Amino acid sequence: MSRKVGPPVAVSEKEILDGLTTAVVWIDCNENIGYINLSAAELLQLSAQRVIGVNWRYILPRLLDDIRACGTGRLTIHEYSIRLPDTQRLHVTCTISYYELDEADGWLIELYDTERHHRIVEEDERWHQYEAGNLLVRTLAHEIKNPLAGIYGSTQLLQKRYQDNDKAGRYLSVISKEVKRLQNLVDRMLGPKGGEEKSPFNIHALIAYVLDIVRGEKPDHVFIKLDYDPSIPEISMDFEAMVQALLNLVKNAMEAMAQHGGLLTIKTRVESKFTLGTKTYPLVAVISVIDEGEGIPPDVFDSIFYPMVTSKESGTGLGLPVSQNIVRQHGGLIVAESEPGNTVFNIYLPFDHNRQTSQRKRYKR
């Protein structure tokens with residue numbers, strides 16, 4: 001029995017452009033926005049319906065003095081900066097080319113998020129650098145830990161033997177205390193033990209717990225601002241380990257403002273299509289710790305997640321590496337940016353895989 005095959009279903013140009021992950025804006029011959037795809041609307045944080053018919057300079061100011069100068073050719077503009085509605089800046093590369101849409105003359109503008117690309121490359125490089133540095137330190141720490149245990153045990157035996165000798169007891173007590181201090185230092189270098197059981201927790205409960213811990217040591221001229229997205233679902237975590245990771249960042253922020261004071265902001269958000277290492281997640285939660293301190297010196301900034309690197313006189317240089325290690329064990333990453341008056345540490349944590357489908361529906365624009 002033969003089966004009739006109908007003609008292929010025609011797909012319009014706009015339907016094809018709608019399916020692109022590249023941000024696309026089409027400008028008509030009157031220099032007004034005639035079309036914008038979903039990727040461009042998401043990238044620019046605006047409503048497509050509101051900008052249709054508006055002059056293209058409304059969303060891309062100072063991109064080009066005269067778009068007609070492109071003619072029927074192709075023009076690429078690098079390092080173009082756009083201020084988004086949330087006041088953040090977006091750095092993109094724009095490619096402008098002559099393009100007919102629905103048999104109408106115009107220009108197609110393709111927008112590429114260069115900042116995201118640079119961040120992915122930079123994070124991937126730091127990811128591997130951190131792994132190499134962490135492996136070296138953990139190897140050295142293991143080698144140091146065994147002889148320290150032997151020294152400490154021998155010191156304990158000598159203290160019992162010379163317990164009636166005040167002078168010997170005093171020296172042995174110093175040795176014992178110093179060895180114990182070194183053991184604690186080595187344990188911190190090794191970081192938390194892996195394999196702890198994780199349970200679902202609300203990240204705002206985590207933040208509240210950490211703030212309760214530091215409340216007594218917070219300087220009076222340091223003020224805390226909470227900027228939450230209350231709809232963020234629970235995340236599977238080792239709660240005690242994550243407390244330590246966040247506690248290190250919050251303490252660093254308060255210490256950075258100890259002299260002049262300022263505002264400590266803790267912000268939570270959700271970001272979509274976010275890349276951690278080589279894996280892209282549909283959704284990740286972001287905890288931002290922001291301070292108004294003097295900032296991290298440029299000469300140490302690229303190494304702050306390496307053990308023993310610190311800009312503080314009394315610092316051990318272990319707080320940030322330990323925090324990074326904990327977050328990494330949760331599949332996430334800590335990313336920092338700093339300038340005088342504005343230092344930001346972002347903790348990126350992916351959601352559980354089995355919850356991502358429902359979360360995508362919740363956050364779909």
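Residues numbered from 1 in each chain as written. Predicted model: local features only at pLDDT ≥ 70, side-chain atom pairs only at ≥ 80, totals over all residues. Heavy atoms only, no water.

Caption draft 1: Broad picture of the packing of aromatic side chains. Tallied over the full model, the rule gives two aromatic pairs. Centre to centre, the rings of Tyr-209 and Phe-239 are 5.5 Å apart; their planes meet at 75°, and the pair counts as edge-to-face. With Tyr-209 in helix α6 (residues 203-214) and Phe-239 in helix α7 (residues 239-256), the pair connects residues that are 30 residues apart, well separated along the chain. Each member of the aromatic cluster is reached from another via a ring pair, and the members are Phe-201, Tyr-209 and Phe-239. Positioned above the aromatic ring of Tyr-171, the side-chain terminus of Arg-170 is 5.8 Å from the ring centre. (Phe/Tyr/Trp six-rings, centres within 6.5 Å; stacked < 30°, edge-to-face > 60°. Helix = DSSP H or I, 4+ residues; strand = E, 2+ residues; numbered from the N terminus. Lys NZ or Arg CZ within 6 Å of the ring centre and 35° of its normal.)

Caption draft 2: Local environment of the sheet that holds strand β12 (residues 342-350). The mixed open sheet is built from five strands, whose spatial order is β7-β9-β10-β12-β11. This sheet does not close on itself; its edge strands, each paired only once, are β7 (222-227) and β11 (333-339). Pairs of neighbouring strands in the sheet enclose a mean axial angle of 20°, with direction left out of account. Sheet topology places β11 next to β12; seven bridges connect them, and they run antiparallel. Looking across to β12, one finds that Glu-339 is bridged to Asn-342. Helix-sheet contacts for α7 involve β7, β9 (262-276), β10 (279-291), β11 and β12, and the interaxial angle to β10 is about 40°. The sheet contacts of helix α9 (residues 319-329) involve β11 and β12, and relative to β11 the element is tilted by about 140°. (Pairing = 2+ DSSP bridges. Axes fitted to C-alpha atoms, helices over the stretch in contact; angles between N-to-C directions. Contact = heavy atoms within 4.5 Å.)

Caption draft 3: Summary view of the packing of α7 against α9. Where α7 contacts α9, the two axes come as close as 9 Å, and the packing angle between them is 145°. Both α7 and α9 take part in a crossing whose hand is left-handed. In this structure, α7 uses Ala-241, Met-242, Gln-244, Ala-245, Asn-248, Leu-249 and Asn-252 to contact α9, whose residues at the interface are Gly-319, Leu-320, Val-322, Ser-323, Ile-326 and Val-327. A per-class count over the contact of α7 with α9 returns eight nonpolar, five polar and no charged. (Left-handed = near helix turned anticlockwise from the far one by under 90°. Nonpolar A, V, L, I, M, F, W, Y, C, P; charged D, E, K, R; others polar.)

Caption draft 4: Structural detail: α7. Here α7 spans 26 Å end to end across 18 residues, near enough to the 26 Å set by a 1.5 Å rise per residue. Looking at α7, one finds that the buried residues are Phe-239, Ala-241, Met-242, Val-243, Ala-245, Leu-246, Leu-247, Asn-248, Leu-249, Val-250, Ala-253 and Met-254. (Expected span 1.5 Å × (residues − 1). Buried < 20%, exposed > 50% of the residue type's maximum accessible area, 1.4 Å probe, protein only.)

Caption draft 5: Geometry of α9. For α9, the tally of buried residues reaches nine of eleven residues, placing the bulk of the element in the interior. Buried within α9 we find Leu-320, Pro-321, Val-322, Ser-323, Gln-324, Asn-325, Ile-326, Val-327 and Arg-328. In the stretch just after α9, Gly-331 is the one whose phi turns positive, near 80°.

Caption draft 6: Structural context of the packing of α6 against α7. At their nearest, the axes of α6 and α7 sit 9 Å apart, and the two run at 55° to each other. By the angle class used here, α6 and α7 are oblique. Considering the relative orientation of α6 and α7, their crossing is right-handed. The residues of α7 that touch α6, namely those facing Leu-206, Ile-207, Tyr-209, Val-210, Ile-213 and Val-214, are Phe-239, Met-242, Val-243, Leu-246, Leu-247, Val-250, Lys-251 and Met-254. Within the contact of α6 with α7, the residues separate by chemical class into 13 nonpolar, no polar and one charged. (Parallel < 35°, antiparallel > 145°, perpendicular 65-115°, else oblique.)

Caption draft 7: A look at the pattern of salt bridges. Tallied over the full model, the rule gives five salt bridges. A salt bridge links Glu-31 to Arg-68; the shortest N-O distance between them is 3.3 Å. Of the two residues, Glu-31 sits in the loop between β1 (23-28) and β2 (33-36) while Arg-68 sits in the loop between α3 (48-51) and β3 (74-83), which places them 37 residues apart along the sequence. For Glu-31, a relative accessible area of 12% translates into the label buried. Overall, the relative accessible area of 44% leaves Arg-68 in the partly exposed class. The shortest N-O distance in the salt bridge between Asp-227 and Arg-269 comes to 3.0 Å. (Salt bridge = Lys/Arg side-chain N within 4 Å of Asp/Glu carboxyl O.)

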